[in-house]
Amino acid sequence: MRLYTVVFSLFISSAIFSQVTEFRVADNDFLDDIENYIKNYDKSLSKELKSELKSSYVSGFNAKQKEKIVSFANELIKKKINPKPYFFAYFKSINGLGKTENLKKEEFDSWSNLMTKLLESRNKRRLTDFLILTDGLFNQNYISESSSVIWKLAKGTYQFSYKKGAFVTFENSNFVCISKNDSSIIYGASGVLNVSTNTFKGNKGTVTWERLELPKNETFAELSTYRINFKSAGFGADSVALHSPFFTNPLLGKLYEKVITFTSIDRARYPHFTSYNQSVVLKNIVPNVDYLGSFSLIGINFKGGATGKNKASIIVNKEGEKFIEIKSKNVIISNDKIVSNDASATVFIKKGEQITQSACDFTYQVAERLAIIGVVRNINIDNPFES
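Presented here is a report on the structure given in the accompanying data block. (Residues numbered from 1 in each chain as written. Predicted model: local features only at pLDDT ≥ 70, side-chain atom pairs only at ≥ 80, totals over all residues. Heavy atoms only, no water.)

## Some words on empty space enclosed by the protein
For clarity, the cut-off: Each cavity reported here is a set of points on a 1 Å grid over the protein atoms alone in which a 1.4 Å probe fits but cannot get out, each pocket an open set with protein on both sides within 12 Å along at least five of seven lines, and each lining residue one with an atom within 4 Å of a point. Grid points are joined across faces, edges and corners, and a volume is the space filled by probe spheres set on the points. Residue polarity follows a fixed list, in which Ala, Val, Leu, Ile, Met, Phe, Trp, Tyr, Cys and Pro are nonpolar, Asp, Glu, Lys and Arg are charged, and the others, Gly among them, are polar.
Taken as a whole, this structure holds one cavity of 30 Å³ or more when the rule is applied. If you add up the space inside the largest cavity, you get close to 30 Å³. Lining the largest cavity are Trp151, Cys177, Ser184, Ile186, Ala233, Phe235, Glu257 and Val259. Tallied by class, residues from the lining of the largest cavity come to six nonpolar, one polar and one charged.

## Brief notes about unusual backbone geometry
Trans peptide bonds make up most of the peptide bonds, and negative phi angles are found at most residues other than glycine. What counts, and what does not: For helices the rule is a DSSP run of H or I covering at least 4 residues; for strands it is a run of E covering at least 2, with both sets numbered from the N terminus onward.
Backbone torsion omega between Lys84 and Pro85 reads 15 degrees, so that peptide bond is classified as cis. Tracing the backbone through its elements, the reader meets Pro85 in helix α5 (residues 83-98). A cis amide bond, omega 0 degrees, links Tyr270 with the succeeding residue Pro271. By secondary structure assignment, the location of Pro271 is in the loop between β9 (251-258) and β10 (272-275).

## Considering the pairing of strand β8 (residues 234-243)
This is how the line gets drawn: Strand pairing is defined by DSSP finding a minimum of two bridges between the two strands.
Pairing of strand β6 (residues 220-223) with β8 involves three bridges; the strand directions are antiparallel. Considered in β8, the bridge of Glu222 is made with Ala241. Here strand β7 (residues 226-229) pairs with β8 via two bridges, running antiparallel. Bridged to Tyr226 within β8 is Ala237. Between the antiparallel neighbours β7 and β8 lie four residues. Sheet topology places β8 next to β9; seven bridges connect them, and they run antiparallel. Pairing of Ala237 across the sheet is with Leu255, part of β9.

## Focus: the layout of surface pockets
Reported here for the largest pocket is a volume of approximately 540 Å³. Considering only residue class, the lining of the largest pocket consists of eight nonpolar, nine polar and four charged.

## Brief notes about the side chain of Gln357
Note the following rule: We call a residue buried when its accessible area falls under 20% of the maximum for its residue type, exposed when it is over 50%, and partly exposed in between, using a 1.4 Å probe and counting protein chains only.
The topology assignment puts Gln357 in strand β18 (residues 353-365). When its relative accessible area of 1% is taken as the criterion, Gln357 is described as buried.

## Some points on the packing of helix α3 (residues 43-60) against helix α4 (residues 63-78)
Convention followed: All axes are obtained by fitting lines to C-alpha atoms, using only the stretch in contact for helices, and the reported angles, taken between N-to-C directions, cover 0 to 180 degrees. For classification purposes, an angle smaller than 35 degrees is called roughly parallel, one larger than 145 roughly antiparallel, one from 65 to 115 roughly perpendicular, and anything else oblique. Contact between two residues is taken to exist if any of their heavy atoms lie within 4.5 Å; hydrogens are not considered.
Between α3 and α4, the shortest axis-to-axis distance is 9 Å and the interhelical angle comes to 125 degrees. Of the possible angle classes, the one that applies to α3 and α4 is oblique. Residue-level contacts link Tyr57, Val58 and Gly60 of α3 to Gln65, Lys66, Ile69 and Val70 of α4.

## Some words on α3
Rule in force here: To estimate the expected span of a helix, subtract one from its residue number and multiply by 1.5 Å. The term bend refers to the angle at a residue between two fitted axes, each drawn through seven residues, those ending there and those starting there.
Its 18 residues place the ends of α3 24 Å apart at the C-alpha level, agreeing with the 26 Å of an ideal helix rising 1.5 Å per residue. At Leu53, α3 shows its largest bend, some 45 degrees. Taken together, the buried positions of α3 are occupied by Leu45, Ser46, Leu49, Lys50, Leu53, Ser56 and Tyr57. For α3, the elements touching its buried residues are α2 (27-39), α4 and α5.

## Description of the environment of Arg269
Looking at the element boundaries, Arg269 is found in the loop between β9 and β10. A C-alpha to C-alpha distance of 8.6 Å links Arg269 and Asn301, two positions 32 residues apart in sequence. Ignoring sequence-local partners within four residues, the contact set of Arg269 consists of Ile260, Ile298 and Gly299.

## Considerations on the pattern of salt bridges
Counted only if it meets this: Should a side-chain nitrogen of Lys or Arg be within 4 Å of a carboxyl oxygen of Asp or Glu, the pair is scored as a salt bridge.
Summed over the entire model, instances satisfying the criterion amount to 15 salt bridges. In this structure, Asp33 engages Arg24 in a salt bridge whose closest nitrogen and oxygen atoms are separated by 2.9 Å. The buried category is assigned to Asp33, whose relative accessible area is 5%. Where salt bridges share partners, they join Arg24, Asp29 and Asp33 into one cluster.

## Regarding the packing of α2 against α5
Stated formally: Each helix crossing is assigned a hand: it is left-handed if the near helix lies turned anticlockwise from the far helix by less than a right angle, otherwise right-handed if that turn is clockwise.
Interaxial distance between α2 and α5 falls to 11 Å at its minimum, and their mutual angle equals 160 degrees. Looking at the two axes, α2 sits roughly antiparallel to α5. Pair α2 / α5 crosses with left-handed handedness. Contact with α2, carried on its side by Ile34, Tyr37 and Ile38, involves Pro83, Phe87, Phe88 and Phe91 of α5 and no other residues of that element. A per-class count over the contact of α2 with α5 returns seven nonpolar, no polar and no charged.

## Concerning the packing of aromatic side chains
Put simply, the test is: Each Phe, Tyr or Trp ring, with Trp reduced to its six-membered ring, pairs with another whose centre is within 6.5 Å; inter-plane angles below 30 degrees give stacked pairs, above 60 give edge-to-face pairs, and intermediate values give tilted ones.
Tallied over the full model, the rule gives 34 aromatic pairs. With centroids separated by 6.0 Å and ring planes inclined at 40 degrees, the aromatic side chains of Tyr226 and Phe235 adopt a geometry described as tilted. Here the two residues Tyr226 and Phe235 agree in accessibility, since each one is buried. Ring geometry for Phe247 and Phe295: centres 5.2 Å apart, planes at 80 degrees, overall edge-to-face. On the criterion of sequence distance, the pair formed by Phe247 in the loop between β8 and β9 and Phe295 in strand β12 (residues 289-298) is long-range, its members being 48 residues apart.

## Some remarks on the environment of Thr356
Tracing the backbone shows Thr356 in strand β18. It is 9.5 Å that separates the C-alpha atoms of Thr356 and Glu325, two residues lying 31 residues apart in sequence.

## A few points about the nonpolar core
In plain terms, the rule: Nonpolar core, defined: a set of buried Ala, Val, Leu, Ile, Met, Phe, Trp, Tyr and Cys residues in which side-chain atoms within 4.5 Å join the residues together.
Phe23, Tyr90, Trp111, Trp151, Phe175, Ile186 and Phe295 are the most contacted members of the largest nonpolar core, which has 95 residues in total. Take this core: its biggest share by element is seven residues, from α5. Ignoring any residue separated from it by four or fewer positions in sequence, one finds Trp111 in contact with Ile69, Phe72, Tyr90, Ile94, Leu97, Phe130, Thr134, Phe138 and Phe160.

Purely spatial values, then, with no claim about function.
The structure is reproduced here in structure tokens:
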């Protein structure tokens, strides 16, 4: 029994002494310490990271910057930060930052100043959240990553700051949201990310319909104030200005964007824009047809209509004169047809004479210039045409 006790005690002592309790400043010593620290948990990663750091760390930072990097590592030990994933994320962040081409002093200082503030704080979570962010951001340009969605920085500048937690200010940045087999881009985004809540408050940006094959310089929405939870594949925005070939001046409204797989372009539901104005006038929405009502662009499909007591109007003109007027809360307009259900119709025969139908379905086939008015019937109500 004593023999087993002695052997077991020696094994425990050996494991304890193999642990790194303080990182040393000299380049080779620091790299050896990183390798010894990590190999207790992941041998392959320890060798891989040491090999990469020989280049990125040794040549990527000056002497004063290296002193800070080593001191931060020692502070993380004192705070008893979990090695995996957080301490590993710190080492990988250093590797990614060191690989930055022409790393500017202010870029390093922005990161190191925030690290100093977070290490001084008692809140460990704010620190560990920042370590995970910088690992993804410095190495893969990831702002956020989960099993279902990735938000990635494709272009732009950013700066770190502290205000009871870690924040990142982005300027003129392109954000890419990737989910399943689809992706969407916000161009020229500006705003501030709260690292711990994963919430971005934007004040600028542009969303296009290019993934639905509409030219991005013709159909696009300019964002003003909006909020994105980077854990989600979608977001909404108010006071959006939509530019479209449908109208000359931008139209204000709400935008809903979500990255979701669609089977065909004409069945896509996003981006989804809805106008504030219930009385949008669109002349010749298709040849010889005018429209009055609200405007929604759902994917590539124009959906009209109205809310409350309002109704949208479709006016079919013949020889420059009003021939048919349809009123309804639901209108769908595509390149080849116009459809409206639960509508009322008025057909103007000649001056002073007309035929009306209070409950009908309406279809206008653009190529054939054919208007079809079908009566809606049910058990209790009969709706004849009236003149």
